[in-house]
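# Architecture at a glance
Below are the chains, spelled out letter by letter.
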Amino acid sequence: MIIFNHFTNLRSYLEKCWQSKKKIGFVPTMGALHHGHFSLIRESQKHAGITVCSIFVNPLQFDNSDDFKKYPKTTEEDILALEELGCDVLLLPDFEEVFPDEASENKYFGLGYLENILEGKFRPGHFQGVCMVVERLLNEICPYTIFIGQKDFQQCMVIKKLIELMSIKIELVISPTLRENSGLAMSSRNMRLNAEEKKIAEKLFQSLQFIQSNLDVNNFLQLRDRAIHNLSNDGFNVEYLELAKTDNLELVSQYNSQIAHVILIAAYLNDVRLIDNILTEATSM
Ligand code: AMP
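Just so we're clear, the structure is a prediction, and the values are computed from it rather than from any experiment. (Residues numbered from 1 in each chain as written. Predicted model: local features only at pLDDT ≥ 70, side-chain atom pairs only at ≥ 80, totals over all residues. Heavy atoms only, no water.)

With that settled, consider helix α2 (residues 35-47). Under the 1.5 Å per step criterion, the end-to-end length of α2 is 18 Å for 13 residues, consistent within 8% with the ideal 18 Å. Contact partners of the buried residues in α2: β2 (24-29), β3 (50-55), α4 (75-85), β5 (145-149) and β6 (171-175). (Helix = DSSP H or I, 4+ residues; strand = E, 2+ residues; numbered from the N terminus. Expected span 1.5 Å × (residues − 1). Contact = heavy atoms within 4.5 Å.)

The next thing to look at is unusual backbone geometry. With glycine set apart, most residues show a phi of negative sign, and most peptide bonds adopt trans. The backbone phi angle of L118 is positive, close to 45 degrees, even though this residue is not glycine. Among the structural elements, L118 can be located in helix α7 (residues 118-122). In this structure, N270 is a non-glycine residue whose phi angle is positive, near 55 degrees. Tracing the backbone shows N270 in the loop between β9 (261-269) and β10 (272-279). A relative accessible area of 52% means that N270 is categorised as exposed. (Buried < 20%, exposed > 50% of the residue type's maximum accessible area, 1.4 Å probe, protein only.)

Not every one of the 16 residues close to the ligand is listed here, only the nearest: M30, H37, D152, L178 and M186. Contact between the ligand and M30: an oxygen atom at 2.9 Å from a main-chain N or O atom of the residue. At a separation of 2.9 Å, an oxygen atom of the ligand approaches a polar side-chain atom of H37. For the ligand, the accessible surface in isolation is 480 Å², of which the surrounding protein chains cover 93%. The site holding the ligand turns out to be the largest cavity. Of all the secondary-structure elements, those providing two or more residues to the shell around the ligand are β2, α2 and β5. Here the shell around the ligand gets 3 residues from one element, more than from any other, and that element is α2. (Near = heavy atom within 4 Å. Polar contact = N/O pair within 3.5 Å; in protein donor to acceptor, adjacent residues only side chain to side chain. Areas by Shrake-Rupley, 256 points an atom, 1.4 Å probe, with all protein chains shown as cover. 1 Å grid on protein atoms, 1.4 Å probe; cavity = no way out; pocket = protein on both sides within 12 Å on 5 of 7 lines; lining within 4 Å. Sits in = over half its atoms within 2 Å of the grid points.)

Below, the structure written as structure tokens:
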């Protein structure tokens with residue numbers, strides 16, 4: 001695996017791929033890699049001729065500076081794991097490389113409705129930060145395909161929208177959420193949970209499953225109240241628990257079984273913020 005810290009060197013290396021039309025698969029991450037990330041790397045290896053992974057903990061997408069400071073960093077282990085997986089290229093830029101001037105830190109992306117709900121509502125500026133870094137990386141890497149995880153359901157929609165706004169042709173592949181045996185969605189933030197908290201955290205997905213399996217036309221609000229009540233008793237502080245249409249993420253209170261829906265949750269367990277989602281149908285997004 002070749003590691004690049006600078007875009008100029010990476011671009012010289014990728015030049016050959018662009019010229020020979022070798023398909024570049026791109027997996028953007030913030031590091032502290034786990035099996036969820038690895039599944040994206042493997043997916044890229046199946047589809048693409050060369051796989052580029054990036055690790056960059058982007059301060060501009062953290063609305064909470066404490067969360068940024070405490071975000072786990074395991075770069076040495078990440079490098080070893082990527083080597084072992086046979087990833088071709090790792091991009092490890094620093095802040096100045098990604099955001100070389102003020103203008104690059106102050107772009108605005110017209111995300112519309114997506115920015116005002118769920119993660120957008122509770123993490124102001126988060127998706128602008130995501131778009132700033134992803135736009136920069138896509139422009140530098142020019143991948144054929146970008147591989148992202150359904151775990152961050154709303155982010156998948158934001159990246160779809162970003163690609164539209166950039167008027168570029170990039171294939172988007174969304175992979176299912178990898179989970180621990182307990183059902184807990186794998187996440188870098190899980191490293192901040194102790195054993196007892198990890199056990200409690202399992203209840204997040206159990207709540208989603210409970211709602212999914214009991215959902216009827218008129219009972220979402222009741223199921224939500226019950227789930228929030230139970231999760232609060234377990235020590236969670238639930239920020240949102242919503243039902244939305246999968247195609248446009250319109251929030252609804254009534255379930256229509258003819259339409260694909262997703263149930264999304266964000267909750268704090270002590271100071272660790274966890275998110276998860278479940279589709280109301282067995283189909284992937
Ligand atoms: P992150 O490092 O958290 O920014 O995540 C980088 C990519 O990995 C994003 O596309 C995430 O959606 C994806 N990802 C994170 N957790 C999982 C998971 N448990 N299963 C599959 N993909 C994931």
